[in-house]
Amino acid sequence: GEPEPLRSPVVPPSARANACVCALSTPRCHAFPGARVLLPALALAAPIEAILHANNARDADEDKRNGIRTLAQMLGPRASFNFYAALLAVPMAYSAVQAWRRSVLGALPLLAAPLARKLVTAFRTGDFVDLPKKTAKFQVEGWVGGGNK
């Protein structure tokens, strides 16, 4: 017979039917959405993760003292910086590809590149005070039309 799909106590049974886990556990499962869905989702999710990562990087020393382990703390300053920069670069790269493949309008998010550069510079220099808030504003203002405010 067909192999049993993986069971997860965290994912409810209704969601489990269409979970990506199904694609990994049974060869005939067609629930895995593929690159057409995952790449745009990654481009939208990366700046959101950048907000969380900036917050964790800002609080890394305090978290260490309190026994809290975060990705920023485990990566260390250099790799953490590279990760943050990559998180802000992902949507830029996606926008460039969309502009090239589909329409020049896909390049509009690239207008936020100078703001992304300022955020990456702030992270590199250790200016974490308002970085999570500024990264969140980048997510809203940079992509919705606030530009370099």
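Predicted model only: the values in this text are computed from it and were never measured. (Residues numbered from 1 in each chain as written. Predicted model: local features only at pLDDT ≥ 70, side-chain atom pairs only at ≥ 80, totals over all residues. Heavy atoms only, no water.)

1. Some words on the overall build of the protein
Here is step 1 of the chain: What the protein contains, in helices and strands, is 7 helices and 0 strands.
Here is step 2 of the chain: Shown N-terminal to C-terminal, the secondary structure of the protein runs as helices and strands in the order α-α-α-α-α-α-α.
Here is step 3 of the chain: As displayed, the protein offers around 9900 Å² of accessible surface, 62% of which is attributable to carbon and sulfur atoms. (Helix = DSSP H or I, 4+ residues; strand = E, 2+ residues; numbered from the N terminus. Areas by Shrake-Rupley, 256 points an atom, 1.4 Å probe, with all protein chains shown as cover.)

2. A word on helix H5 (residues 71-101)
Here is step 1 of the chain: In this model, H5 (31 residues) spans only 34 Å end to end at C-alpha, well below the 45 Å of a helix rising 1.5 Å per residue.
Here is step 2 of the chain: Taking the largest bend as the criterion, H5 deviates by roughly 110°, centred on Pro77.
Here is step 3 of the chain: Regarding H5, the residues found buried are Ala72, Gly76, Ser80, Phe81, Tyr84, Leu87, Leu88, Pro91, Met92, Ser95, Gln98 and Ala99. (Expected span 1.5 Å × (residues − 1). Bend = angle between axes of the 7 residues up to and from the residue. Buried < 20%, exposed > 50% of the residue type's maximum accessible area, 1.4 Å probe, protein only.)

3. With respect to the packing of H5 against helix H6 (residues 113-124)
Here is step 1 of the chain: Relative to each other, H5 and H6 sit at 175°, their axes nearing to 10 Å. In terms of orientation, H5 and H6 fall into the roughly antiparallel class. Taken together, the residues of H6 that come into contact with H5 (itself represented by Ser80, Phe81, Tyr84, Ala85, Leu88 and Met92) are Ala113, Ala116, Leu119, Val120, Phe123 and Arg124.
Here is step 2 of the chain: For the contact of H5 with H6, the per-class residue count stands at 10 nonpolar, 1 polar and 1 charged. (Axes fitted to C-alpha atoms, helices over the stretch in contact; angles between N-to-C directions. Parallel < 35°, antiparallel > 145°, perpendicular 65-115°, else oblique. Contact = heavy atoms within 4.5 Å. Nonpolar A, V, L, I, M, F, W, Y, C, P; charged D, E, K, R; others polar.)

4. A look at the pattern of salt bridges
Here is step 1 of the chain: Applying the stated criterion across every chain, the model contains 1 salt bridge.
Here is step 2 of the chain: Of the charged contacts, one joins Arg58 and Asp59 as a salt bridge, the two residues approaching to 2.9 Å between their closest N and O atoms. (Salt bridge = Lys/Arg side-chain N within 4 Å of Asp/Glu carboxyl O.)

5. Overview of the side chain of Asp63
Here is step 1 of the chain: You can see Asp63 is positioned in helix H4 (residues 60-65).
Here is step 2 of the chain: Although Asp63 lies buried, it forms no salt bridge, and the closest oppositely charged side chain, Arg58, sits 8.3 Å away as judged by the N-O distance.
Here is step 3 of the chain: Excluding residues that lie within four positions of it along the chain, Asp63 makes contacts with Asn56, Ile68, Thr70 and Gln73. (Lys, Arg positive; Asp, Glu negative; His and termini not counted.)

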